[in-house]
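Structural description and commentary
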Amino acid sequence: RLSPEGVVVQAPSFSPDGRSVAFMQRGRVGLRQLTVAELPDFTPRIIDTLAALAQAPILWTPGGDSIIYAGSTWPTPEVRIVARTGGAFQVLPTRIPTALPVQLTPDGQQLVIVSVDTGQIGSHRLDRRSGAISSLVPEYGVSHVGALSPDGSEVAVMELPGGDVGDLVFVGNGGRRTVI
């Protein structure tokens, strides 16, 4: 087992080399713990303790040396990066309130983040080197981020601007195109 009996584990994510798994586990009431377990024994190690947040993926950098996740300064989430072994985390400069990390480009330099604010979701791309942010999907209606293209140039999203019926849309450097 990776967690004690009765402890809820969420968002497990294997490192690129397959030798570690990072996950969130519920700690004391209202808190979650970013935890990493290493092979061969999978002994869990708590990396960060944070206030309960919306569910968000845990992302590994391509080399597996760092983890990107949704941290918090209650009540606002922030995007954090920390070494797989723990230590001090760095807050990525998203400049977007309530940002959650969703997906990382294969080179590890572009991070797709989702802004969840007042029930609206918009997608943005953060360049980790420069800190520049570009909007991928406007913050209206509800958009569900699906998948990042292999070259990182487009993101497939589900836009639901008027209710329950949506469009599958590809958004990227070339603009926006509706597929379905």
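Residues numbered from 1 in each chain as written. Predicted model: local features only at pLDDT ≥ 70, side-chain atom pairs only at ≥ 80, totals over all residues. Heavy atoms only, no water.

Attention now moves to the nonpolar core. By size, the foremost hydrophobic cluster in this structure holds 12 residues: A11, A22, M24, L34, V36, I47, L50, I58, W60, I67, Y69 and V82. Mapped by element, the contributors of at least two residues to this core are β2 (20-26), β3 (31-38), β4 (43-51) and β6 (66-73). Here A22 is in contact with A11, P12, S13, T35, V36, I58, W60 and I67, once residues within four sequence places are set aside. Formed by 10 residues, the second largest nonpolar core is a distinct cluster that contains L59, L104, L111 and L126. (Core = buried A, V, L, I, M, F, W, Y, C linked by side-chain atoms within 4.5 Å. Buried < 20%, exposed > 50% of the residue type's maximum accessible area, 1.4 Å probe, protein only. Helix = DSSP H or I, 4+ residues; strand = E, 2+ residues; numbered from the N terminus. Contact = heavy atoms within 4.5 Å.)

Once that is clear, we can look at the environment of P57. Checked against the element boundaries, P57 lands in the loop between β4 and β5 (59-60). Take P57: its relative accessible area is 35%, and that puts it in the partly exposed class. When the C-alpha atoms of P57 and V102 are compared, they prove to be 5.9 Å apart, with 45 residues separating the residues in sequence. Excluding anything up to four places from it in sequence, P57 contacts I68, Y69, P101 and V102.

This model, assessed by the stated rule, comprises 0 aromatic pairs. In this structure, R80 is placed above the aromatic ring of F89, and the distance from its NZ or CZ to the ring centre is 3.8 Å. (Phe/Tyr/Trp six-rings, centres within 6.5 Å; stacked < 30°, edge-to-face > 60°. Lys NZ or Arg CZ within 6 Å of the ring centre and 35° of its normal.)

Of all 7 residues in β2, 6 are buried; the element is thus mostly enclosed. Alignment of strand β1 (residues 9-14) against β2, held across 4 bridges, turns out to be antiparallel. Bridging across to β2, F14 finds its partner in V21. As paired elements, β2 and β3 share 7 bridges and run antiparallel to each other. When the sheet's bridge partners are listed, R26 is paired in β3 with R32. (Pairing = 2+ DSSP bridges.)

Below, the discussion takes up the environment of A88. Its location among the elements puts A88 in the loop between β7 (76-83) and β8 (90-91). Judged by relative accessible area, A88 falls into the exposed class, the value being 75%. Taking the C-alpha atoms as reference, A88 lies 9.0 Å from D48; in sequence the two are 40 residues apart.

The next subject is the confidence of the model for the protein. When pLDDT is averaged along the protein, the result is 74, and 65% of the positions lie at 70 or above. Predicted confidence in the protein is weakest over strand β13 (residues 142-148), with a mean pLDDT of 61, and strongest over β5, with 92. (pLDDT = per-residue confidence, 0-100.)

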